[in-house]
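Structural features, examined
Listed here are the chains, written in short residue letters.
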Amino acid sequence: EDQVTQSPEALRLQEGESSSLNCSYTVSGLRGLFWYRQDPGKGPEFLFTLYSAGEEKEKERLKATLTKKESFLHITAPKPEDSATYLCAVQADLDMRFGAGTRLTVKP
Amino acid sequence: EAQVTQNPRYLITVTGKKLTVTCSQNMNHEYMSWYRQDPGLGLRQIYYSMNVEVTDKGDVPEGYKVSRKEKRNFPLILESPSPNQTSLYFCASSLAPMRSYTDTQYFGPGTRLTVL
């Protein structure tokens, strides 16, 4: 069965303290891996799509990477406004499967 | 403004009282989908639709119905809601997830449903 597991469940960082979030997956025929950001009370907001192992994408302080079994979302020198829940999702066919998310808190 | 809208945003109802949550997108997207989000479980797909009159079950379709009579609208219907359907619901759309490529989904603001 297709599975997506995100770790850690929660992460607390000091402003400027870089770290990584992990998304491991087991799915046959990966077509795409997505990263979303979700703020409390709002819908997920798209960040990145990765299609194949070795691919990397960057946006401001965020960088997403992909291997055959997992993806990392690296956060460099985070700021308090980066606090949110980060969701990972994989698409194998026409349906989408999400991980439970990592709740990130960045303290000033 | 390109967006996915849902109504209502908040709903409290009682067991067994039929309800409909509407979803509309103004981006001419072919693919639409409904998710529920529960603490610790993440987003789980309920139903999705590839195009008008084409719908299919996701991971947790029991107790839900959908219809796609128009391209822009994809209502979620709970014929006889039960307390275990208390959740946060999201509608999403994307241009066209063809078999040859994937596409980004855009999410609505969510509907918080409580079934007493």
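Please refer to the structure placed before this passage.
A few points on the structure. No experiment lies behind these values; they were computed from the predicted model shown.

Some details on the overall build of chain A
The helix and strand tally for chain A stands at 0 helices and 11 strands. Overall, chain A shows an N-to-C arrangement of helices and strands of β-β-β-β-β-β-β-β-β-β-β. For chain A, the C-alpha radius of gyration of 13 Å lies close to 13 Å, the compact-globule estimate for 108 residues. Projected onto its principal axes, the C-alpha positions of chain A cover 40 × 30 × 20 Å. Looking at the 108 residues of chain A, the share that counts as buried comes to 47%. Of all intrachain contacts in chain A linking residues separated by at least 6 positions in sequence, the fraction that spans at least 24 positions is 54%.

Brief notes about unusual backbone geometry
With an omega dihedral of -10 degrees, the bond running from Ser7 of chain A to Pro8 of chain A counts as a cis peptide bond. Look at the link from Asn7 of chain B to Pro8 of chain B: it is a cis peptide, with omega at -5 degrees. Position of Pro8 of chain B among the secondary structure elements: in the loop between β1 (4–7) and β2 (10–13). The backbone of Ala77 of chain A sits at a positive phi, close to 45 degrees, despite the residue not being glycine.

Description of the sheet that holds strand β8 (residues 76–78) of chain B
All names here are of chain B. Taken together, the 4 strands give an open sheet; going across it, the order is β1-β3-β8-β7, and neighbouring strands pair in antiparallel fashion. Looking along the sheet, the strands with just one partner apiece sit at the ends: β1 and β7 (65–66). In the sheet, β1 pairs with strand β3 (residues 19–25) via 4 bridges, with the strands oriented antiparallel. Its bridge partner being in β3, Thr5 is matched across the sheet by Ser24.

Thoughts on the interface of chain B and chain A
Listed by partner, the interface residues are 25 residues for chain B and 22 residues for chain A. A salt bridge links Arg97 of chain A to Asp59 of chain B; the shortest N-O distance between them is 3.1 Å. Counting across the interface, chain B meets chain A through 3 residue pairs in polar contact (both at pLDDT 80 or more). Mapped onto the side of chain B that touches chain A, the elements with two or more residues apiece are β4 (31–38) and β5 (42–51) of chain B. In terms of residue count, β5 of chain B provides more of the side of chain B that touches chain A than any other element does, 5 residues in total. Per-class residue counts for the side of chain B that touches chain A are 12 nonpolar, 9 polar and 4 charged.

Focus on the sheet that holds strand β8 (residues 70–75) of chain A
Residue and element names in this part refer to chain A. If you walk across this open sheet you meet the 5 strands as β1-β3-β8-β7-β6, and the pairing is antiparallel. Both outer strands of the open sheet, β1 (3–7) and β6 (56–59), are each paired with one neighbouring strand and no more. Going from strand to strand, the sheet's axes swing by 15 degrees on average, the running direction of each strand aside. One ladder, built from 5 bridges, connects β1 with strand β3 (residues 19–26); its direction is antiparallel. Considered in β3, the bridge of Thr5 is made with Ser24.

Cut-offs applied
- Residues numbered from 1 in each chain as written.
- Chains lettered and ligands numbered in written order.
- Predicted model: local features only at pLDDT ≥ 70, side-chain atom pairs only at ≥ 80, totals over all residues.
- Heavy atoms only, no water.
- Helix = DSSP H or I, 4+ residues; strand = E, 2+ residues; numbered from the N terminus.
- Rg over C-alpha atoms; globule rule 2.2 N^0.38 Å.
- Buried < 20%, exposed > 50% of the residue type's maximum accessible area, 1.4 Å probe, protein only.
- Contact = heavy atoms within 4.5 Å.
- Pairing = 2+ DSSP bridges.
- Salt bridge = Lys/Arg side-chain N within 4 Å of Asp/Glu carboxyl O.
- Polar contact = N/O pair within 3.5 Å; in protein donor to acceptor, adjacent residues only side chain to side chain.
- Nonpolar A, V, L, I, M, F, W, Y, C, P; charged D, E, K, R; others polar.
- Axes fitted to C-alpha atoms, helices over the stretch in contact; angles between N-to-C directions.

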